[in-house]
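Secondary and tertiary structure notes
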Amino acid sequence: LYFNTYFCINSAMRTTLDINDELLVKAKALSARERKSLTLLIEEGLRLRRALPKTTSTKTLPIYHGKGGLLKGIDARSNRALLDAADDA
């Protein structure tokens, strides 16, 4: 039984991405200017991102020790609820 490992290793995987419309338009324009495919441009960006040194954040957030808190009905564990409450303020 012959198994072609070269094909399995070098075959491209297809995937679907949800990309911001404005970013996609700019990426397509860049790929046209550089005469590269959009796929190649995205792969290049991913390789550059992986090559960056890993950074660890040592920043501490300030803590408010006063009275008060969240209004009733706002879930502190939900980013969406917190953002919606901030928009209402």
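Structure: above.
Below or above, wherever it landed, is the structure these notes cover. As the structure is a prediction and not an experimental result, all values here were calculated from the model.

**Considerations on the overall build of the protein**
- Each helix and strand counted, the protein has four helices and zero strands in total.
- Starting at the N terminus and walking to the C terminus, you meet the elements of the protein as α-α-α-α.
- Counting all 89 residues of the protein, 3% fall into the buried class.
- When the accessible surface of the protein is summed, it comes to about 9500 Å², and 58% of that surface belongs to carbon and sulfur atoms.

**Here's the deal with unusual backbone geometry**
- A positive phi angle, near 55°, is found at Arg35, a position not held by glycine.
- Assignment of secondary structure puts Arg35 in the loop between α2 (21–33) and α3 (38–51).

**Description of a nonpolar patch on the surface**
- Residues Leu17, Ile19, Leu23, Ile42 and Leu46 make up a contiguous nonpolar surface patch of about 440 Å² in total accessible area.
- Topologically, Ile42 is positioned in helix α3.
- Residue classification places Ile42 among the partly exposed positions, given a relative accessible area of 32%.

**Structural notes on the pattern of salt bridges**
- Taken as a whole, this structure holds five salt bridges when the rule is applied.
- As a salt-bridge pair, Lys36 and Glu34 come within 3.4 Å of each other at their nearest N and O atoms.
- Since its relative accessible area comes to 25%, Lys36 is described here as partly exposed.
- When the shortest N-O distance is used, the salt bridge between Arg77 and Asp75 registers 3.2 Å.

**Comments concerning α3**
- The end-to-end C-alpha distance of α3 is 20 Å, a good match for the 20 Å that 14 residues give at a rise of 1.5 Å each.
- The buried fraction of α3 is low, at one of 14 residues.

**Quick word on the side chain of Ser31**
- Structurally, Ser31 can be placed in helix α2.
- A relative accessible area of 8% places Ser31 in the buried class.
- In this structure the side chain of Ser31 is engaged in a polar contact, spanning 2.8 Å, whose partner is the backbone oxygen of Lys28.
- Residues within four places of Ser31 in sequence aside, it is in contact with Lys36, Ser37, Leu38 and Leu41.

Calculation criteria
Residues numbered from 1 in each chain as written. Predicted model: local features only at pLDDT ≥ 70, side-chain atom pairs only at ≥ 80, totals over all residues. Heavy atoms only, no water. Helix = DSSP H or I, 4+ residues; strand = E, 2+ residues; numbered from the N terminus. Buried < 20%, exposed > 50% of the residue type's maximum accessible area, 1.4 Å probe, protein only. Areas by Shrake-Rupley, 256 points an atom, 1.4 Å probe, with all protein chains shown as cover. Patch = residues over 30% accessible without salt bridge, like charges linked within 9 Å, V, L, I, M, F, W, Y side chains within 5 Å. Salt bridge = Lys/Arg side-chain N within 4 Å of Asp/Glu carboxyl O. Expected span 1.5 Å × (residues − 1). Polar contact = N/O pair within 3.5 Å; in protein donor to acceptor, adjacent residues only side chain to side chain. Contact = heavy atoms within 4.5 Å.

These figures capture arrangement, not role.
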